[in-house]
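# Secondary and tertiary structure notes
Spelled out, the chains give:
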Amino acid sequence: MAVIKPFKSIRPCRDEAARIAALPYDVYNREEAKSEVEREPMSFLRIDRAETNFPGSVDIYDPRVYEKAHDILWDMVKRGDFITEEVPCYYIYELTMDGRSQTGIAACASIDDYANGVIKKHENTRAEKEVDRINHVDACDAQTGPIFLAYRADETICGIVNKVKTGEPEYDFTSPDGVTHRVWVISDGQDIADIQAAFAGIDSIYIADGHHRAASAVKVGLKRREAHPDYDGTEEFNYFLSVLFPDEELKIMDYNRVVKDLNGLAPEDLLAKVEDIFEVTPIDAAGNCGNKGFAKIKVGDDNGMDLVTDSGTDPRKPAEKGSFSMYLDRKWYLCRIRKEDRPDDPVAGLDVSLLQNLLLNPVLGIEDPKTDPRIGFVGGIRGMDELERRCHTDSAVAFAMYPTSIAELFAVADAGLLMPPKSTWFEPKLRSGLFIHKLS
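Residues numbered from 1 in each chain as written. Predicted model: local features only at pLDDT ≥ 70, side-chain atom pairs only at ≥ 80, totals over all residues. Heavy atoms only, no water.

### Brief notes about the overall build of the protein
Stated formally: Where helices and strands are cited, they refer to DSSP runs of H or I of at least four residues and of E of at least two residues respectively, numbered from the N terminus. Atoms counted for the radius of gyration: C-alpha only. Globule rule: 2.2 Å times the number of residues to the power 0.38. Accessible area is worked out with a 1.4 Å probe on protein chains only. A residue is then buried under 20% of its type maximum, exposed over 50%, and partly exposed in between. Residues are treated as being in contact if the distance between any of their heavy atoms lies within 4.5 Å. Only the protein chains shown count as cover for residues, and all accessible areas are computed by the Shrake-Rupley method using a 1.4 Å probe. The charged-residue count follows a simple rule in which Lys and Arg add positive charge and Asp and Glu add negative charge, with His and chain termini not counted at all. By convention, the point assigned to a charge is CZ for Arg, NZ for Lys, CD for Glu and CG for Asp.
Across its full length, the protein carries 13 helices and 25 strands. Here the C-alpha radius of gyration of the protein, 23 Å, is about what a compact globule of 440 residues would show, namely 22 Å. Taken along its principal axes, the extent of the C-alpha atoms in the protein is 65 × 55 × 40 Å. Residues counted as buried form 54% of the 440 residues belonging to the protein. The long-range share in the protein, meaning contacts at least 24 apart out of those at least 6 apart in sequence, stands at 76%. For the protein, the accessible area works out to roughly 19,500 Å², and carbon and sulfur atoms hold 48% of it. Averaging the positions of the 54 positive and the 77 negative side-chain charges in the protein gives two centres separated by 3 Å.

In structure tokens:
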């Protein structure tokens, strides 16, 4: 059962929260991070990406970078930009984007639950990407970026959240990207006990986003255990900073693909091969597939019910599982995967797997999407125009995917399997700097 505990968060003063809160460290490249810090000198990126405080000649993994992150963080705490909670609390963190809200519980999860599989993964991590955050967490003696976790919705937790949200939030601001952030503090002893007991009754928690941050936090905890062989399990280094969301509130966006070349094929030859594999229909400028409207179609959900799914206002987007859109030679095509090609296996049956196994590998020669430089990945937040732009600049073909569902993510993780790379894109992104978990 899951151990999800309250903690004494170090968090911004109310008046500074909007300035300090920052997108995750890995959203930016070095130049973008530096520009953001120049725009907002209070941005937590000064800590999460401390190389922004050095000239470009200093390597981003230089030990001085991590020392600088430590110094800035604790100088800001000493200066009063942050406060430290006097007693362990849970925190409600609500994000609203494009009129849709999702509400999570900021808390600390157990590194033992990560190790024993109560907290389940759906992606592999790369050791070289973990090292940076291991060094950052270790140097700062704190976790600064929360792990995005998901759980199957619980009535008790939902009831407490809804009750507390009737009060005044501690933070309420809209970030430059238009996302509204609101935070409430849960300090009532009975509410805390009830939430902790409710999580203890949940047998599976899932990493939605932040696999590398989670792995890094766990490895720092294990390192601290080795340094303190008399540990008893109550120390803060046995836990890592998280925000946990109920599955029913989460939305996964599409994670699309672009390929730099056609593997020696002419566009018309690639189209012919695609037509051999999939059911292909051109999408005209009005968004129609032949005589059938493309923007809205009926599909069956897992319970056999008819649902109307909407691809939004953009007719270029696929509107159902088992389909994707292809942009080739300045034209869009709807491609439907034939039913006989859709296995029941939770990984092989994913649309991203089928695209890879039926087309990208055998036709375009992308054998390993994790390492092949010919393939690129474009988050759905960037929109369909970005796929067209890429095909007009540095790529030859683009594939717009139907989003992987949270149910598919759970099924893969429950089976102890791993998704292909870049299968899920979560929005909105959790901000760093709103909650800090000190390890000692």
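### With respect to the pairing of strand 22 (residues 375-379)
Put simply, side chains in a regular strand alternate between the two faces of the sheet. Rule in force here: Only strands that DSSP links by at least two bridges are regarded as paired with each other.
Counting buried positions over the five residues of strand 22 gives four, a clear majority of the element. Bridging between strand 14 (residues 255-259) and strand 22 involves five bridges; their strand directions are antiparallel. Pairing of Asn256 across the sheet is with Val378, part of strand 22.

### So, the environment of Leu270
Here Leu270 shows up in helix 10 (residues 267-277). Linking Leu270 and Val137, residues 133 residues apart in sequence, is a C-alpha distance of 48 Å. Residue contacts for Leu270: discarding those within four places in its chain leaves Leu262, Leu265, Leu328, Leu359, Val363, Leu364 and Val397.

### Some points on the confidence of the model for the protein
Put simply, the test is: Values of pLDDT, ranging from 0 to 100, describe the predictor's confidence in every residue of the model.
Looking at the protein, pLDDT values average 92 and 94% of them are 70 or higher. Throughout residues 291-311 the model reports pLDDT below 50, and contacts reaching past four residues in sequence, or to other chains, amount to 44 contacts.

### Points about the side chain of Gln143
This is how it is decided: Counted as a polar contact is a pair of N or O atoms within 3.5 Å, where, for protein atoms, one must be capable of donating a hydrogen and the other of accepting one, and residues adjacent in sequence contribute only when both atoms are in side chains.
For Gln143, the location among the structural elements is in strand 7 (residues 142-143). There is a polar contact of 2.9 Å between the side chain of Gln143 and the backbone nitrogen of Leu241. Separated by 2.7 Å, the side chains of Gln143 and His437 make a polar contact. Ignoring sequence-local partners within four residues, the contact set of Gln143 consists of Val137, Ala217, Tyr239, Phe240, Leu241, Phe435, Ile436, His437 and Leu439.

### Brief notes about the pattern of salt bridges
We count it as follows: Think of a salt bridge as a Lys or Arg side-chain nitrogen and an Asp or Glu carboxyl oxygen that are within 4 Å of each other.
Counting across every chain of the model gives 35 salt bridges. Across the pair Arg14 and Glu168 runs a salt bridge, and its minimum N-O distance is 3.6 Å. Of this pair, Arg14 sits in the loop between strand 2 (10-12) and helix 1 (17-20) while Glu168 sits in the loop between helix 7 (155-164) and strand 9 (171-174), and the two are 154 residues apart along the sequence. Judged by its relative accessible area of 46%, Arg14 falls in the partly exposed class. Salt bridges here are not isolated pairs; linked through shared partners, they connect Arg11, Arg14, Glu85, Glu168 and Glu170.

### Let's talk about empty space enclosed by the protein
Over the atoms a probe the size of a water molecule is rolled, and this reveals where empty space is left. Cut-off, in case you're wondering: The rule is simple: put a 1 Å grid over the protein atoms alone, call a set of points where a 1.4 Å probe fits but cannot get out a cavity, call an open set with protein on both sides within 12 Å along at least five of seven lines a pocket, and count a residue as lining if it has an atom within 4 Å of a point. Grid points are joined across faces, edges and corners, and a volume is the space filled by probe spheres set on the points. Under the scheme applied, nonpolar residues are Ala, Val, Leu, Ile, Met, Phe, Trp, Tyr, Cys and Pro; charged residues are Asp, Glu, Lys and Arg; polar residues are all the others, including Gly.
One pass over the full model with this rule turns up two cavities of 30 Å³ or more. Its volume calculated, the largest cavity comes out at about 120 Å³. Looking at the lining of the largest cavity residue by residue, the class counts come to five nonpolar, five polar and three charged. In this structure, the second largest cavity encloses a volume near 40 Å³. Together, Arg257, Val352, Gln356, Leu360, Pro369, Phe377, Pro420 and Pro421 line the second largest cavity. Here the residues of the lining of the second largest cavity are counted per class, giving six nonpolar, one polar and one charged.

### Considering the environment of Ile381
Examined against the element boundaries, Ile381 turns out to sit in the loop between strand 22 and helix 12 (384-393). Between the alpha carbons of Ile381 and Ser395 there is a distance of 19 Å; along the sequence they are 14 residues apart.

### Comments concerning the nonpolar core
Buried together is how nonpolar side chains tend to be arranged in soluble globular proteins. Which entries qualify depends on this criterion: Nonpolar cores were defined as sets of buried Ala, Val, Leu, Ile, Met, Phe, Trp, Tyr and Cys residues, with membership established by side-chain atoms within 4.5 Å.
Counting 61 residues, the largest nonpolar core has Leu270, Phe324, Met326, Leu359, Val397, Phe399 and Phe435 as its most contacted members. Those residues in contact with Phe435 that sit more than four places away from it in its chain are Phe7, Ser9, Ile10, Tyr91, Tyr93, Ala106, Gln143, Thr144, Val183 and Leu241. One finds Ile111, Ile157, Ile186 and Val218 within the second-largest nonpolar core, a separate group that totals 33 residues.

### Some details on the side chain of Ser423
Residue placement: Ser423 occurs in the loop between helix 13 (406-414) and strand 24 (425-426). If we ignore the near neighbours within four places in the chain, the residues touching Ser423 are Tyr255, Val352 and Thr404.

### Some remarks on the packing of aromatic side chains
Counted only if it meets this: Pairing of aromatic rings covers Phe, Tyr and Trp, the last through its six-membered ring, and needs centres within 6.5 Å; plane angles under 30 degrees mean stacked, over 60 mean edge-to-face, and all others mean tilted. Throughout this description, the term charge over a ring refers to an Arg CZ or Lys NZ atom that lies within 6 Å of the ring centre and within 35 degrees of the ring normal.
Within the structure shown, the criterion is met by 14 aromatic pairs. Taking the centre distance of 5.5 Å and the plane angle of 45° together, the rings of Tyr91 and Phe435 count as tilted. Remark: Phe435 occurs in the loop between strand 24 and strand 25 (437-438) and Tyr91 occurs in strand 4 (residues 90-97); sequence separation between them is 344 residues. Given the relative accessible area of 0%, Tyr91 is considered buried. Given the relative accessible area of 1%, Phe435 is considered buried. Connected via pairs of aromatic rings, a cluster forms that spans Phe7, Tyr91, Tyr93 and Phe435. Above the plane of the ring of Tyr25 lies Arg133, whose end atom (NZ or CZ) is 3.8 Å from the centre.

### Things to note about the packing of helix 4 (residues 63-79) against helix 6 (residues 127-140)
Just so we agree on the cut-off: Lines fitted to C-alpha atoms define the axes here, with helix axes fitted over just the stretch in contact, and angles between the N-to-C directions of these axes take values from 0 to 180 degrees. Comment on the angle field: the value is read as roughly parallel under 35 degrees, roughly antiparallel over 145, roughly perpendicular from 65 to 115, and oblique elsewhere. With the far helix as reference, a near helix turned anticlockwise by less than a right angle produces a left-handed crossing, and one turned clockwise produces a right-handed crossing.
Their axes nearest at 8 Å, the elements helix 4 and helix 6 cross at an angle of 40°. Regarding the angle of helix 4 to helix 6, the classification is oblique. Crossing geometry of helix 4 relative to helix 6 is assigned as right-handed. When helix 4 is examined against helix 6, the residues Tyr66, Ala69, His70, Leu73 and Trp74 are found in contact with a partner set consisting of Asp132, Asn135, His136, Ala139 and Cys140. Across the contact of helix 4 with helix 6, the residue classes break down as six nonpolar, three polar and one charged.

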